[in-house]
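Okay, here's what each chain looks like letter by letter:
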Amino acid sequence: MFVPFAVIPFWVAYWSWLALSTLAFWSAVRRVASGWAVPLSMTAPHVVLALILGQTSLILGSLIIWGLSLVRERPLLAGILLGAAAAVKPQSVLLAPVAMISGGHWRTLVASAAPLCAIVVISLALGPVLWRDWLESLGTFPQLLEVQRPFIFGATPWMAGRALGLDPSALIVLQLCGVVVGVVACWYGFKSQDLGLRICALVAAGLLASAYGM
């Protein structure tokens, strides 16, 4: 998905990515907001930071907002968008299956598997060895967390507990509580027909259920 940006000069790629992220997020915000809320959303500190760093956050947010806004009128397209988000960063839509089952959006749930599988298969063209390297890197990830200490900027129960210096058993209990609360919040959030509530439920509940999230 990002190869096109890798084959052009760095600053061209950077500004192209920023333009794409801005346009995508702007279009998504207009699905749930109007008036001054739209331009103000683009000045939120987290949005500005994501743009400066060239993060995928705004693209993911756009896919999620568009996907959830289309589950009734275009369920298959909604599934494709949510599946694409899952392929880039699974924890961003970790509880999407819970949400789709709660809301009765079965076609969207099934359709979401197609882009996820397709992107994984196409990625093999870059070299199957990359998947092996990724799996092997998971073993060293805990050591990287201890050295770089990113948990002080974390947004999940486990990372909050780690920043507070809780012992391992307390961290497990805290994270399990986060999973339970997240699943319940997501389930009841999607019993509502309010799009804003659904977006908040999916994202916030996903962070509660995830161990790692910045």
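See above for the structure.
Cut-offs applied
- Residues numbered from 1 in each chain as written.
- Predicted model: local features only at pLDDT ≥ 70, side-chain atom pairs only at ≥ 80, totals over all residues.
- Heavy atoms only, no water.
- Helix = DSSP H or I, 4+ residues; strand = E, 2+ residues; numbered from the N terminus.
- Expected span 1.5 Å × (residues − 1).
- Buried < 20%, exposed > 50% of the residue type's maximum accessible area, 1.4 Å probe, protein only.
- Arc of directions from axis to C-beta.
- Contact = heavy atoms within 4.5 Å.
- Polar contact = N/O pair within 3.5 Å; in protein donor to acceptor, adjacent residues only side chain to side chain.
- Axes fitted to C-alpha atoms, helices over the stretch in contact; angles between N-to-C directions.
- Parallel < 35°, antiparallel > 145°, perpendicular 65-115°, else oblique.
- Nonpolar A, V, L, I, M, F, W, Y, C, P; charged D, E, K, R; others polar.
- Salt bridge = Lys/Arg side-chain N within 4 Å of Asp/Glu carboxyl O.

Caption draft 1: View of helix 14 (residues 195-209). In this model helix 14 runs 21 Å from its N-terminal to its C-terminal C-alpha over 15 residues, within 8% of the 21 Å that 1.5 Å per residue would give. What helix 14 keeps buried is the set L195, R198, I199, A201, L202, A205, G206 and A209. The arc that holds the buried residues of helix 14, viewed along the axis, is 160°, so those residues lie on one side. Where helix 14 is buried, its residues touch helix 5 (57-69), helix 7 (96-103) and helix 13 (168-189). Sitting at the head of helix 14, D194 places a side-chain oxygen 3.3 Å from the backbone nitrogen of G196.

Caption draft 2: The arrangement of the side chain of S69 in detail. Relative to the helices and strands, S69 is located in helix 5. For S69, the side chain forms a polar contact with the side chain of R31, separated by 3.2 Å.

Caption draft 3: Expanded view of the packing of helix 2 (residues 10-29) against helix 4 (residues 45-53). Two numbers describe how helix 2 lies on helix 4: the axes approach to 9 Å, and their chain directions differ by 150°. Overall, the two elements helix 2 and helix 4 adopt an arrangement that is roughly antiparallel. Facing helix 2, whose interface residues are Y14, L18, S21, T22 and F25, helix 4 presents V47, L51 and I52. Looking at the contact of helix 2 with helix 4 residue by residue, the class counts come to 6 nonpolar, 2 polar and no charged.

Caption draft 4: Expanded view of the pattern of salt bridges. Scanning the entire structure with this criterion turns up 2 salt bridges. Across the pair D133 and R132 runs a salt bridge, and its minimum N-O distance is 3.1 Å. Here E136 makes a salt bridge to R132, at a shortest N to O gap of 3.9 Å. Of this pair, E136 and R132 both sit in helix 10 (residues 129-137), 4 residues apart, which is roughly one turn of the helix. For R132, a relative accessible area of 48% puts it in the partly exposed group. Residues joined by salt bridges that share partners form a network here, namely R132, D133 and E136.

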